[in-house]
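What the coordinates show
So the chains spell out like this:
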Amino acid sequence: MDLLSKLNQLLVKTDINLTEKQKQQLIDYVGLLAKWNKAYNLTSVRDPQQMLIRHIMDSIVVNGQLIGQRFIDVGTGPGLPGVPLAIVRPDSHFVLLDSLGKRVRFLKQVQHELGLTNIEPVQSRVEEFPVEKSFDGVISRAFASLNDMLSWCHHLPSAEGRFYALKGVIRDDEMALPDEFMIESITELEVPELDEQRHLVKISMK
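Residues numbered from 1 in each chain as written. Predicted model: local features only at pLDDT ≥ 70, side-chain atom pairs only at ≥ 80, totals over all residues. Heavy atoms only, no water.

**Observations regarding the overall build of the protein**
Put simply, the rule reads: Every helix listed is a DSSP run of H or I at least four residues long, and every strand listed is a run of E at least two residues long, numbered separately from the N terminus. Based on C-alpha atoms, the radius of gyration is set beside the globule rule, defined as 2.2 Å times the residue count to the power 0.38. Residue exposure (1.4 Å probe, protein chains only): buried if accessible area is under 20% of the type maximum, exposed if over 50%, otherwise partly exposed. A contact between two residues is defined here by any heavy atoms of the two lying within 4.5 Å. For the accessible areas, the method is Shrake-Rupley and the probe is 1.4 Å, while residue cover comes only from the protein chains on display. Positive charges are assigned to Lys and Arg, negative charges to Asp and Glu, while His and the chain termini are left out of the count. By convention, the point assigned to a charge is CZ for Arg, NZ for Lys, CD for Glu and CG for Asp.
Within the protein one finds six helices and seven strands. Its helices and strands taken in sequence order, the protein reads α-α-α-β-α-β-α-β-β-α-β-β-β from the N to the C terminus. Relative to a compact globule of 206 residues, whose C-alpha radius of gyration would be 17 Å, the protein shows 16 Å and is just as compact. If you line up the protein on its principal axes, its C-alpha atoms span 50 × 35 × 30 Å. Here the protein holds 206 residues, and 53% of them are scored as buried. Here the contacts in the protein between residues at least 6 apart in sequence split such that 65% fall between residues at least 24 apart. Here the protein has roughly 9800 Å² of accessible surface; of this, 46% comes from carbon and sulfur atoms. For the protein, the centre of its 23 positive side-chain charges and the centre of its 28 negative side-chain charges are spaced 5 Å apart.

**Structural notes on the side chain of lysine 6**
Tracing the backbone shows lysine 6 in helix α1 (residues 3-11). For lysine 6, a relative accessible area of 10% translates into the label buried. Once you skip the residues sitting within four places of it in the chain, lysine 6 turns out to touch Met1, Gln49, Leu52, Ile53 and Glu193.

**Here we look at the pattern of salt bridges**
Convention followed: When a carboxyl oxygen of Asp or Glu lies within 4 Å of a side-chain nitrogen of Lys or Arg, that pair is called a salt bridge.
If you walk through the whole model with that rule in mind, you get 13 salt bridges. The partner of lysine 23 in a salt bridge is glutamate 20, with the nearest N and O atoms 3.3 Å apart. Of this pair, lysine 23 and glutamate 20 both sit in helix α2 (residues 20-40), three residues apart, which is roughly one turn of the helix. For lysine 23, a relative accessible area of 11% corresponds to the buried category. Arginine 103 serves as the salt-bridge partner of aspartate 98, at 3.1 Å between the closest nitrogen and oxygen.

**Here we look at the environment of glutamate 188**
The residue glutamate 188 is located in strand β6 (residues 181-188) in this model. A relative accessible area of 53% means that glutamate 188 is categorised as exposed. It is 20 Å that separates the C-alpha atoms of glutamate 188 and aspartate 73, two residues lying 115 residues apart in sequence. With residues up to four places along the chain from it excluded, the contact list for glutamate 188 reads Arg198 and His199.

**Quick notes on the UniProt feature "binding site: S-adenosyl-L-methionine" (unreviewed entry) in the protein**
Just so we agree on the cut-off: UniProt positions are given in the numbering used here, feature names are shortened, and annotations may be inferred rather than shown by experiment. Here a cavity means grid points, on a 1 Å grid over the protein atoms only, where a 1.4 Å probe fits yet cannot get out; a pocket means an open set of points with protein on both sides within 12 Å along at least five of seven lines; lining residues are those with an atom within 4 Å of a point. In protein, a polar contact means a hydrogen-donor-capable atom and an acceptor-capable atom, both N or O and within 3.5 Å, with residues adjacent in sequence counting only if both atoms are side-chain atoms; elsewhere, any N or O pair within 3.5 Å suffices.
Feature annotation in UniProt assigns "binding site: S-adenosyl-L-methionine" (unreviewed entry) to the following positions: Gly75, Leu80, Val126, Glu127 and Arg141. Residues that both appear in the annotated list above and line the largest pocket are Gly75, Leu80, Val126, Glu127 and Arg141. Its place among the elements puts glutamate 127 in the loop between β3 (119-123) and β4 (135-141). With residues near it in sequence (within four places) discarded, glutamate 127 still touches Trp152 and His155. Along the chain, the position of arginine 141 falls in strand β4. Apart from residues lying up to four places away in sequence, arginine 141 is in contact with Arg54, His55, Asp58, Ser59, Leu80, Pro81 and Leu166. Engagement of the side chain of arginine 141 in a polar contact is seen with the backbone oxygen of arginine 54, the distance being 2.6 Å.

Structure follows, in structure tokens:
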């Protein structure tokens with residue numbers, strides 16, 4: 001099965017509606033991931049069909065939960081979930097932050113080849129990233145514990161901004177947060193054809 005057919009098959013199992021251009025951008029992103037992965041070792045997932053499930057769908061299923069238009073994806077790696085979300089949210093802006101130069105070089109190539117004007121790849125450690133304009137949402141996927149995320153990223157969101165942590169299995173011992181933060185919601189995510197638990201933890205400041 002070609003990648004576009006596979007993507008359509010996966011999207012049918014969600015309530016996500018995309019244009020043909022958006023679908024092609026997602027496919028082209030998977031193509032770049034697979035190509036650059038050989039030299040840059042960006043992801044342990046090698047099969048493009050599995051990338052559609054484990055990277056693309058796994059990222060865009062949170063789209064309906066995001067509030068606002070200005071986001072930062074911390075520890076973005078090869079652009080996950082930031083690039084897929086930027087494709088499905090063309091009116092939102094995403095800063096893609098990673099400390100590794102090779103990942104940021106890859107993201108700049110993605111930006112150029114896909115014509116994505118709403119992503120901004122930045123090489124920096126998150127705790128050293130200077131905020132000129134605060135964010136509506138701080139997103140992380142498999143980045144760190146919730147407490148580490150809040151400790152390193154507390155300077156990033158606006159007063160009404162939220163933290164969005166994409167997690168696998170929820171561990172109770174990780175849910176005890178510093179007093180100034182509160183868990184707004186924990187949403188179980190359904191990723192088509194992925195037989196693993198996925199959750200979105202939404203955190204706001206008191």
